[in-house]
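# Inside the fold
This is what each chain is made of:
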Amino acid sequence: MGLLDILLGRSKPVRPDLDQLFALPSAAVTLEAAAGFTATGQGAVCFATVEGEAFEQTHREVQALLDADAERADSPVKLVRDGFGYSWLISRRTPDQLPELVNDLHAVNSTMESNGFGPQLLCSLAGFERRSDGRGLALVYLYKRGTFYPFAPLPGTERRDSPLELQMKSVLADDLRIEPDLGRWFPLWGAPGLQ
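Summarised in this report is the structure supplied together with it. (Residues numbered from 1 in each chain as written. Predicted model: local features only at pLDDT ≥ 70, side-chain atom pairs only at ≥ 80, totals over all residues. Heavy atoms only, no water.)

### A look at the overall build of the protein
- Across its full length, the protein holds five helices and six strands.
- Secondary structure elements in the protein, listed N-terminal to C-terminal, are α-α-β-α-β-β-α-β-β-β-α.
- Counting over 195 residues, the protein shows a buried share of 44%.
- For the protein, the exposed surface amounts to about 9800 Å²; the carbon and sulfur share of it is 55%. (Helix = DSSP H or I, 4+ residues; strand = E, 2+ residues; numbered from the N terminus. Buried < 20%, exposed > 50% of the residue type's maximum accessible area, 1.4 Å probe, protein only. Areas by Shrake-Rupley, 256 points an atom, 1.4 Å probe, with all protein chains shown as cover.)

See the structure below:
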């Protein structure tokens, strides 16, 4: 970072730290103890839509890598495009396989990054549910920031439960690197990993 950057208030971008994803299993224990949320076994990686043979090859590589897991009975990764023009690679596991789901998310991100698609990566999420009232929650990892935030959509609406999100922010502060800028807590309406 140069003198001009300092004078103009620019900061060096944070480097992605995919190893932060491995903190999710311990955060899940905290979530369950403090608020009754348990893992759904669903997660996803979101990225700007990419066309072309290079991406198709990367998708096949990710598919082959995750297909190698003998514990999987079905297709490990599904590629979908949402109504906003973003692509999602979705992984489904059983609810008790959160560490394996985290490994899947890490593998997808790492493979895309190593194949030159790091700039297109936006976020990853792991889904949680509170069985007592059916409320959903996602822990969202912002790839370019190296931080997490909780996203709690209100059922059946495109509104979020901000008080619950702020409560989960304080609950998870010791387990995850929480994004301090609330303006970056983007709503992920209809995100595949939340259903």
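Next comes the rest of the description.
### Some details on the pairing of strand S3 (residues 86–92)
- A large share of S3 lies buried, amounting to five of its seven residues.
- Pairing between strand S1 (residues 37–48) and S3: seven bridges, direction antiparallel. When the bridges of S3 are listed, glycine 43 appears paired with serine 91.
- In terms of strand pairing, strand S2 (residues 77–81) meets S3 through five bridges, oriented antiparallel. Bridging across to S3, arginine 81 finds its partner in serine 87.
- Counting the residues that bridge the hairpin from S2 to S3 gives four residues, and of these glycine 85 lies at a positive phi of roughly 90 degrees. (Pairing = 2+ DSSP bridges.)

### Points about helix H4 (residues 98–117)
- Turning to H4, its buried residues are Leu98, Leu101, Val102, Asp104, Leu105, His106, Ala107, Val108, Asn109, Thr111, Met112 and Phe117.
- Those residues of H4 that are buried are in contact with helix H2 (24–35), S1, helix H3 (53–67), S3 and strand S4 (121–130). (Contact = heavy atoms within 4.5 Å.)

### Structural notes on the pairing of strand S5 (residues 135–142)
- Of all eight residues in S5, seven are buried; the element is thus mostly enclosed.
- The pairing of S4 with S5 spans eight bridges and is classified as antiparallel. In the strand pairing of S5, glutamate 129 is matched with glycine 136.
- Counting the residues in the hairpin turn of S5 and strand S6 (residues 147–151) gives four residues, including glycine 146, whose phi is positive at 70 degrees.

### Digging into the environment of proline 16
- Considering the arrangement of structural elements, one finds proline 16 in the loop between helix H1 (3–7) and H2.
- The spatial distance from the C-alpha of proline 16 to the C-alpha of lysine 144 is 5.5 Å, given a sequence separation of 128 residues.

### A word on the pattern of salt bridges
- Enumeration over the complete set of coordinates arrives at 10 salt bridges.
- Across the pair glutamate 53 and arginine 60 runs a salt bridge, and its minimum N-O distance is 2.6 Å.
- What makes arginine 60 partly exposed here is its relative accessible area of 41%. (Salt bridge = Lys/Arg side-chain N within 4 Å of Asp/Glu carboxyl O.)

### Looking at H2
- Counted at 1.5 Å a residue, the expected span for H2 with its 12 residues is 16 Å, and the 15 Å between its end C-alpha atoms agrees.
- Taken residue by residue, H2 has Leu24, Ala27, Ala28, Leu31 and Ala35 as its buried positions. Taken down its axis, H2 places every buried residue within 105 degrees of arc, on the same side. Across from the buried face of H2, at angles greater than 90 degrees, the exposed residues are Val29 and Ala33.
- Positioned one or two residues after H2, glycine 36 has a phi angle of 80 degrees, which is positive. (Expected span 1.5 Å × (residues − 1). Arc of directions from axis to C-beta.)

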